[in-house]
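The primary structure of each chain is shown beneath.
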Amino acid sequence: MTATTPDTDTPQTDARPLAFPPGFVWGAATAAYQIEGAARDDGRGPSIWDTFSRVPGKVAGGDTGDVACDHYHRFRDDIGLMAGLGLPAYRFSVAWPRVQPDGSGPVNPRGIGFYDRLVDEVLQAGITPYATLYHWDLPQALEDRGGWTARDTALRFADYTGIVHDRLADRVDTWTTVNEPWVAAYLGYAAGVHAPGRTSAADAFRAAHHLLVAHGLATRRLRDGGARRVSLTLNLAPIVAGGTSEQDAAAADLVDAMLNRQFLDPVLHGAYAEPVLAVAARHGGLDHVRGDDLTVIAEPIDSLGINYYNPTYVAAAPGTPPNPAYPGCAGIAFPPAVPPLTAMGWPIVPDGLGDLLVRLSRDYPGVPLVVTENGAAFDDVPDADGRVRDDARIRYLDGHLRAAHAALTAGADLRGYLVWSLLDNFEWAEGYGKRFGIVYVDYADGRRLPKDSARWFRDVIARNGLGGEPA
């Protein structure tokens, strides 16, 4: 797909030109807890990740987000980097505990003021801000009162949404309510490998439902406030059966229901898939699904955000205990990934993105799609000249963009692509050991070094497509 040319500043990519449609949105994404730092500055309250990262053994290296990339203090320089890369769009998240330290009650003026300044600076740089309201940093005070297992947290989220929208609505047009509710619910409440670290399948099902209710209530609040565009972002993956038997097909269908359709169907079809209801009923019952919840969850959205990294491989394996992240999936194995792999151990399968986009436009027509995260961690190291030659990332991004273009050609309604991530950052339970950024961050002194992939992506944006000589 690509070949490295040492004599050029950027590795040569596939020379076949591919043009994306006029108006296609290009950009980069980040998340508050992963980059902001300033965990105790200006009245910010503790989040579940502040608490979780201090539990011995939960985060690699004992790392925390206390400082992260220090974006809270360096945001103007970081926006200058974005402008230099020609990014038309920037997806950031708002830290709920920075705005409401206890998750409810009075607004912290210094906290909301940071996002005022951030948005102003982004706009001044000629970049369109895309705001995400929840990227996993739940205020610890709300977790102490039940977290996402409590319906009240969804109500508090709607109030918080109104606060942020009222402050930024004159400058932000596109709003994402919740990022990756599957991860927040099942890695946080069932598998215990993400904050808040619980290990209860019943809690996970309740959390997943309340996250969707929160999305619906927030969508209503945004609409009432005049928001132009509202979105939800899901981590989605093609489910690939490891064999051709009926049992393998059934395993793939069940995992697809639990990972993908559990969130797609209520939002876009107004109902849970029967397999989801059956599994939830066996793990604590369905008393948390009440009244008009599904009507609230199915509030129309203007686009669906897709975070894609790799397919999920499954195989029927009678007698296998359930993976903690997939309650109800006993007898299903998740085989190890086959190379090529990223530094996370994730398989590199660009065609999976294309297949996913085509499937979504087929099964859920009429919903515009945006790739809100796609990227890879590699073991990036600056050379003696301070250059980060991340050829593997360029090949990764090139392949996935070609797959996205093929999906467009096949009829997928894809409107944009945001690379993950702008900066190397705190990678949740992996700490600082995994680097996803197109900009290298030296965590010792905070220096930023645009990697070769950053310059490559700049050229993609400038030509609105792939192929040809690097600029």
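Procedures and definitions
- Per-chain numbering applies: the sequence of each chain, read as written, is numbered from 1 onward.
- Where totals are concerned, whole chains, interfaces and linings use all residues; where local detail is concerned, this predicted model gives features only for residues with pLDDT of at least 70, and gives and counts side-chain atom pairs only at 80 or more.
- In computing side-chain values, all of the structure's heavy atoms are included and hydrogens and water are not.
- Numbering of helices and strands starts at the N terminus; helices are DSSP runs of H or I of at least 4 residues and strands are runs of E of at least 2.
- Just to be clear, the radius of gyration here is over C-alpha atoms, and the globule rule we use is 2.2 Å times residues to the power 0.38.
- Each residue's exposure class comes from its accessible area (1.4 Å probe, protein chains only) as a fraction of the maximum for that residue type: buried when under 20%, exposed when over 50%, partly exposed otherwise.
- Two residues qualify as a contact provided that any one of their heavy atoms is within 4.5 Å of a heavy atom in the partner residue.
- Accessibility throughout is a Shrake-Rupley quantity obtained with a 1.4 Å probe, and a residue counts as covered only by protein chains that appear here.
- Whether two strands pair depends on DSSP finding at least two bridges between them.
- Comment: axis = line fitted to C-alpha atoms, over the contacting stretch for helices; angle = value between 0 and 180 degrees taken between N-to-C directions.
- UniProt positions are given in the numbering used here, feature names are shortened, and annotations may be inferred rather than shown by experiment.
- What we call a nonpolar core is a set of buried Ala, Val, Leu, Ile, Met, Phe, Trp, Tyr and Cys residues that are connected through their side-chain atoms within 4.5 Å.
- Whenever Lys or Arg places a side-chain nitrogen within 4 Å of a carboxyl oxygen from Asp or Glu, that contact is recorded as a salt bridge.
- Each Phe, Tyr or Trp ring (for Trp, its six-membered ring) is paired with any other whose centre lies within 6.5 Å, and the angle between the two planes then decides the class: stacked below 30 degrees, edge-to-face above 60, tilted in between.

Thoughts on the overall build of the protein chain
What the protein chain contains, in helices and strands, is 15 helices and 15 strands. What you see for the protein chain is a C-alpha radius of gyration of 21 Å, in line with the 23 Å of a compact globule of 471 residues. When the 471 residues of the protein chain are sorted by exposure, 60% land in the buried category. Within the protein chain, contacts between residues at least 6 apart in sequence are counted, and of these 76% link residues at least 24 apart. Carbon together with sulfur atoms contributes 53% to the accessible area of the protein chain, which is approximately 16,900 Å² in total.

Notes on the environment of proline 321
By secondary structure assignment, the location of proline 321 is in the loop between β9 (312-316) and β10 (332-333). Residues proline 321 and glycine 216, 105 residues apart in the sequence, show an inter-C-alpha distance of 34 Å.

Overview of the pairing of strand β8 (residues 303-307)
Counting buried positions along β8 yields five of five residues, so the element is predominantly enclosed. When strand β6 (residues 229-235) meets β8, the two strands line up parallel, connected through five bridges. The partner of leucine 232 across the bridge, within β8, is leucine 304. Strand direction decides the pairing type here: β8 and strand β11 (residues 369-373), joined by four bridges, are parallel. By the bridge assignment, isoleucine 306 is partnered in β11 with valine 371.

Focus on the sheet that holds β9
Ordered by their spatial adjacency, three strands build an open sheet running β7-β9-β10, and the pairing between neighbours is mixed. The outermost strands of the open sheet, each flanked by one partner alone, are β7 (239-241) and β10. Here β7 pairs with β9 via three bridges, running parallel. Its bridge partner being in β9, isoleucine 239 is matched across the sheet by threonine 312. Set on the sheet, helix α10 (residues 246-269) makes contact with β7, β9 and β10; between it and β9 the angle comes to about 135 degrees.

Details of the UniProt feature "binding site: substrate" (unreviewed entry) in the protein chain
UniProt records the feature "binding site: substrate" (unreviewed entry) for Gln34, His135, Asn179, Tyr309, Trp420, Glu427 and Trp428 in the present numbering. Turning to its location among the elements, histidine 135 is positioned in the loop between β4 (128-134) and α6 (140-143). Residues within four places of histidine 135 in sequence aside, it is in contact with Ala31, Gln34, Arg91, Ser93, Asn179, Glu373, Trp420 and Trp428. Of note, tryptophan 420 is situated in strand β12 (residues 414-420).

Structural notes on the environment of alanine 281
Mapped onto the elements of the fold, alanine 281 is located in helix α11 (residues 274-282). Along the chain, alanine 281 and glycine 57 lie 224 residues apart, while their C-alpha atoms are 33 Å from each other.

Some details on the side chain of glutamine 100
By the secondary structure assignment, glutamine 100 is in the loop between α4 (96-99) and α5 (109-124). Exposure remark for glutamine 100: the relative accessible area of 2% places this residue in the buried category. Apart from residues lying up to four places away in sequence, glutamine 100 is in contact with Gly105, Pro106, Pro139, Tyr160 and Ile163.

Description of the UniProt feature "active site" (unreviewed entry) in the protein chain
Following the UniProt record, the feature "active site" (unreviewed entry) maps to Glu180 and Glu373 here. These annotated residues cover 194 residues of sequence, but their C-alpha atoms sit close together, with the largest distance between any two at 10.6 Å. Position of glutamate 180 among the secondary structure elements: in the loop between β5 (174-179) and α8 (181-189). Classification of glutamate 180 as buried rests on a relative accessible area of 6%. By relative accessible area, glutamate 373 is classed as buried at 4%. If we skip the residues at most four places from it in the chain, glutamate 373 touches Arg91, His135, Asn179, Glu180, Ile306, Asn307, Tyr308, Tyr309, Leu418 and Trp420.

Re the nonpolar core
In this structure, Trp49, Tyr115, Tyr134, Trp148, Phe157, Leu357 and Phe457 are the most contacted members of the largest nonpolar core, which totals 145 residues. Ranked by residues supplied to this core, first place goes to helix α9 (residues 201-224) with 11 residues. Once you skip the residues sitting within four places of it in the chain, phenylalanine 457 turns out to touch Trp26, Gly27, Leu87, Tyr417, Val419 and Ile438.

Digging into the pattern of salt bridges
The full count for this structure, using the stated rule, is 40 salt bridges. Residues arginine 389 and aspartate 383 are paired through a salt bridge, measuring 3.1 Å at the closest nitrogen-oxygen approach. Salt bridges sharing partners connect three or more residues here, namely Asp380, Asp390, Arg393, Asp424, Arg435 and Lys451.

Details of the environment of aspartate 78
One can find aspartate 78 in helix α3 (residues 71-84). Relative accessible area serves as the criterion here: at 1%, aspartate 78 is assigned to the buried category. Separated by 191 residues in sequence, aspartate 78 and histidine 269 have C-alpha atoms that sit 40 Å apart. Setting aside its immediate chain neighbours within four residues, aspartate 78 contacts His71, Leu423 and Arg448.

Section: the sheet that holds strand β2 (residues 25-29)
Strand order in the closed barrel made by the eight strands is β2-β3-β4-β5-β6-β8-β11-β12, with parallel pairing throughout. Each strand of the sheet is rotated relative to its neighbour by a mean of 25 degrees, with strand direction disregarded. In terms of strand pairing, β2 meets strand β3 (residues 89-93) through three bridges, oriented parallel. Looking across to β3, one finds that alanine 29 is bridged to arginine 91. Against the sheet, helix α14 (residues 391-409) contacts β2 and β12, and its axis sits at roughly 170 degrees relative to β12.

Here's the deal with the packing of aromatic side chains
On inspection of all chains with the given rule, the structure shows 34 aromatic pairs. Ring centres 6.1 Å apart and planes at 75 degrees place the aromatic pair tryptophan 26 and phenylalanine 457 in the edge-to-face group. In this pair, tryptophan 26 is assigned in strand β2 and phenylalanine 457 in helix α15 (residues 452-463), connecting sequence segments 431 residues apart. When sorted by exposure, tryptophan 26 lands in the same class as phenylalanine 457, which is buried. Summarising the aromatic geometry, the rings of phenylalanine 75 and phenylalanine 114 are spaced 5.4 Å apart at their centres and angled 85 degrees between planes, so their arrangement reads as edge-to-face. One end of the pair, phenylalanine 75, is in helix α3; the other, phenylalanine 114, is in helix α5, with 39 residues separating them in the sequence. Assigned by exposure class, phenylalanine 75 and phenylalanine 114 land together as buried.

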